[in-house]
Amino acid sequence: MEFVITLNRGSSLPLYRQICEELRRLILSGYLLPGQRIPSSRALAKSCKVSRATVNLSYEELLSEGYLKSSHGAGTFVNDQIPKTFIQSTDPTHQLTQAKQIKLSKYGTHIAKSKPFRPIEQHLPINFLYRQPAFDQLSLQQWGRLLVHHCQFNLKLLDYGNDLLGYRELRKAISLHLTQSRGLRCEADQVLIVNGSQQALDLVTRILCDSGDWVGMENPGYLNAHHTFLAQGSRVLPVPVDESGIVIEHLLGFTNAKLRFVYVTPSHQFPSGRVMSLSRRLELLSWAQSSGAMIIEDDYDSAYSYGNQSIPPLQELDKSGAVIYIGTFSKELFPALQIGYLVLPKHLVNVFANAKCLTDLQSPLLEQQVLTDFINEGHLERHIKRIRNLYYQRRQTLVQALSMYLGECATILDENAGMHLMVHLQTSLNDEEIIHRASQVGVGLISAAQNYSNASYEGKFIIGYTDLTVQQIQEGIYKLAKVLKEPTTYTDIFRYSVDLQESACSCKK
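Residues numbered from 1 in each chain as written. Predicted model: local features only at pLDDT ≥ 70, side-chain atom pairs only at ≥ 80, totals over all residues. Heavy atoms only, no water.

Undergrad: Can you walk me through the packing of aromatic side chains in this structure?
TA: The description of two aromatic rings rests on the distance between their centres and on the angle between their planes. Summed over the entire model, instances satisfying the criterion amount to 10 aromatic pairs. Measuring from ring centre to ring centre gives 5.3 Å for F229 and F261, while their planes differ by 70°; the resulting arrangement is edge-to-face. Of this pair, F229 sits in helix α9 (residues 223–231) while F261 is found in strand β8 (residues 259–264), placing the two residues 32 residues apart along the sequence. Accessibility assignment for this pair places F229 and F261 in one class, buried. When the centroid spacing of 5.6 Å and the interplanar angle of 55° are considered together, the rings of F329 and Y341 count as tilted. Here the residue F329 occupies a position in the loop between β10 (323–328) and β11 (340–343), and Y341 occupies one in strand β11, the gap between them amounting to 12 residues. (Phe/Tyr/Trp six-rings, centres within 6.5 Å; stacked < 30°, edge-to-face > 60°. Helix = DSSP H or I, 4+ residues; strand = E, 2+ residues; numbered from the N terminus. Buried < 20%, exposed > 50% of the residue type's maximum accessible area, 1.4 Å probe, protein only.)

Encoded structure:
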């Protein structure tokens, strides 16, 4: 039987290995059948334009692996003792049947049907995404210095850590930082280092819930948390949010079963931007104490509060050990750092530490040590103060631009905190049309209704501003205002974008 083997002579893989792999593939795919004679080494060498010695090396390796067998004077054959289960049919229908026989777990089935929430990347000049810090404002010089220092002088970074909770010096630094900046009541031994908030939520659900248990969360709320709860087999009770935060009456009225926990973002509710009032926080804590449920407090961007009033975290107000506090450095520093933490009630510390160990054994030690020094040397505190002022200026610019260019057509729904704000654009256009028109002039928007499948959020947009300059914010809102004037053709939209250039000077004042 003749067949063609294509060789890549520019590859770093030796020619005999390339022949070997191709013959192995032909056997396992069922193209070369058990007992079938293959070409002689002379014939294959001539076909591939290589030396006979090269082909002999390939045959010898396949003989030693059991794919081929030779018979003196008769030739070389595909081994007829290869189990049929290893030989795949080249028929696509057969392959599809095999794939359908693989049974996924309930967790795997849910993951296969759903997609973790990530905003669609719109590569546009002005993009009002809400999840990106101002990367150009990072203290990279200090971070780089500490990184080089630990890489050069600390060989222990190459070994496993000896603390299930995470690097102890980092836990001490985080504990002190939270006490001073947020007023939390915690010790280092209550802090568990995790790989971001998603791992924190995964651990919470695994440890506190069995399949079929009920959990509560804000509606709308953080979609990746929602997917995490469902994937673990939990049933989710959507709880409405008003101007004071999560509606406690809805929790009190739920009598179908006991809620295992309720997940909230009280410092800056996601995505509405509401800040949970003090009275509502006390109500929630009272409900948790009486019901026996836990509260999961995700304090994801609490560092950025621009008002005069500081409301204590739920964890600080908690007297009964009902709150698990989640924080990360993704918003304060950068998302790729992927260092987060849980502040746990003392009676839950051991079980969470053991579960974390089974998940990934440990978080990377190098980054933990660098972050420890970054906090202890005061770089984090200085960075937060500086970046908070910058974000406040950009937020004020956005508020002023919305008022100047959109007037009564734009209503700001959230409060003076966080890295994004929710805006209701009052127009006869639907969200899809608004997004499309904005993209035509280089402006990216995210619709709350489309991302959260919630019709009540029609016309409401999540607008991030932290990684945009003052000029970009002004320019973006100006362009958005122009396209919302309902031009009849996209030629008009183009004309509006050209018109912007004539007004650029006034936009940048």
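Undergrad: Can you help me understand the packing of helix α1 (residues 15–28) against helix α3 (residues 52–65) in this one?
TA: The description of two packed helices rests on the angle between their axes and on the distance between the axes. It is the contact of α1 with α3, at a shortest axis distance of 8 Å, that shows an interaxial angle of 45°. As judged from the angle between their axes, α1 and α3 are oblique. Between α1 and α3 the crossing geometry is right-handed. In this structure, α1 contributes L15, Y16, R17, I19, C20, L23 and R24 to the contact, and α3 contributes T54, V55, L57, S58, Y59, E61, L62 and E65. Class assignment for the residues of the contact of α1 with α3 results in 9 nonpolar, 2 polar and 4 charged. (Axes fitted to C-alpha atoms, helices over the stretch in contact; angles between N-to-C directions. Parallel < 35°, antiparallel > 145°, perpendicular 65-115°, else oblique. Left-handed = near helix turned anticlockwise from the far one by under 90°. Contact = heavy atoms within 4.5 Å. Nonpolar A, V, L, I, M, F, W, Y, C, P; charged D, E, K, R; others polar.)

Undergrad: What am I meant to see in the pairing of strand β16 (residues 460–464) here?
TA: One face of the sheet, then the other: side chains in a regular strand alternate in exactly this way. Taken across its 5 residues, β16 has 5 buried, putting it largely inside the fold. Neither face of β16 is open: one carries K460, I462 and G464, the other F461 and I463, and all of them are buried. Judged from the 5 bridges that link them, strand β13 (residues 420–425) and β16 form a sheet pairing that is antiparallel. Directly across from L421, in β16, lies its bridge partner I463. (Pairing = 2+ DSSP bridges.)

Undergrad: Explanation requested: the pairing of strand β5 (residues 214–219) in the structure shown.
TA: Of all 6 residues in β5, 5 are buried, a share of seventy percent or more. Where β5 meets strand β6 (residues 235–242), 6 bridges bridge the pair, whose relative direction is parallel. Residue N219 lies in a different strand from β6, and its bridge partner there is P240. Since β5 and β6 lie parallel, the crossover through α9 that links them has a hand, and here it is right-handed. (Right-handed = clockwise from strand over helix to strand, strands pointing away.)

Undergrad: Explanation requested: the pattern of salt bridges in the structure shown.
TA: Where charged atoms from two side chains of opposite charge approach closely, those side chains can pair. One pass over the structure, following the stated rule, counts 20 salt bridges. Among the salt bridges present, the one from R17 reaches E61, with a minimum N-O distance of 2.1 Å. Taken together, the residues R17 in helix α1 and E61 in helix α3 connect sequence positions 44 residues apart. Across the pair K356 and D360 runs a salt bridge, and its minimum N-O distance is 2.9 Å. Separated by 4 residues within a single helix, K356 and D360 lie in helix α13 (residues 349–360), roughly one turn from each other. (Salt bridge = Lys/Arg side-chain N within 4 Å of Asp/Glu carboxyl O.)

Undergrad: Looking at this structure, how should I read the sheet that holds strand β4 (residues 191–194)?
TA: Sheet strands associate in pairs through backbone hydrogen bonding, adopting either a parallel or an antiparallel arrangement. With mixed pairing, the 8 strands of this open sheet are ordered in space as β4-β11-β10-β9-β8-β5-β6-β7. The outermost strands of the open sheet, each flanked by one partner alone, are β4 and β7 (245–246). Bridge count between β6 and β7: 2 bridges; the pairing is antiparallel. Bridge pairing in β7 places D242 opposite G245. Along the sheet, α9 contacts β5, β6 and β8; its crossing angle with β5, the most-contacted strand, is approximately 165°.

Undergrad: Is there a simple way to explain the environment of S175 in this structure?
TA: Locating S175 in the fold gives a position in helix α7 (residues 168–182). A relative accessible area of 8% means that S175 is categorised as buried. Between the C-alpha atom of S175 and that of V343, which follows or precedes it by 168 residues, the distance is 8.7 Å.

Undergrad: Looking at this structure, how should I read the side chain of T54?
TA: Here T54 shows up in helix α3. Under the relative-accessibility criterion, T54 is labelled buried at 17%. Those residues in contact with T54 that lie beyond four places of it in its chain are L15, Y16 and I19.

Undergrad: In this structure, what is going on with the side chain of K460? I would like to understand it.
TA: Checked against the element boundaries, K460 lands in strand β16. For the buried residue K460, which engages in no salt bridge, the nearest side chain bearing the opposite charge is D431, 9.9 Å off. Other than its neighbours up to four places away in sequence, K460 contacts L413, M422, V423, H424, D431, S447, A448 and A449. (Lys, Arg positive; Asp, Glu negative; His and termini not counted.)

Undergrad: Any chance you could explain α13 here in plain terms?
TA: Each α-helix turn comprises 3.6 residues. Residues three or four places apart therefore point the same way. Between its first and last C-alpha, α13 extends 17 Å over 12 residues, near the 16 Å set by a 1.5 Å rise per residue. Of all the positions in α13, only V349, F352, A353, A355 and K356 are classed as buried. Seen along its axis, α13 keeps its buried residues to an arc of 165°; they face one direction. Structural note: α13 exposes N350 and L358 on the side pointing more than 90 degrees away from its buried face. Looking at the buried residues of α13, the elements they touch are β4, α8 (196–208), β10 and β11. Of the residues trailing α13, L361 is marked for its positive phi of about 70°. (Expected span 1.5 Å × (residues − 1). Arc of directions from axis to C-beta.)

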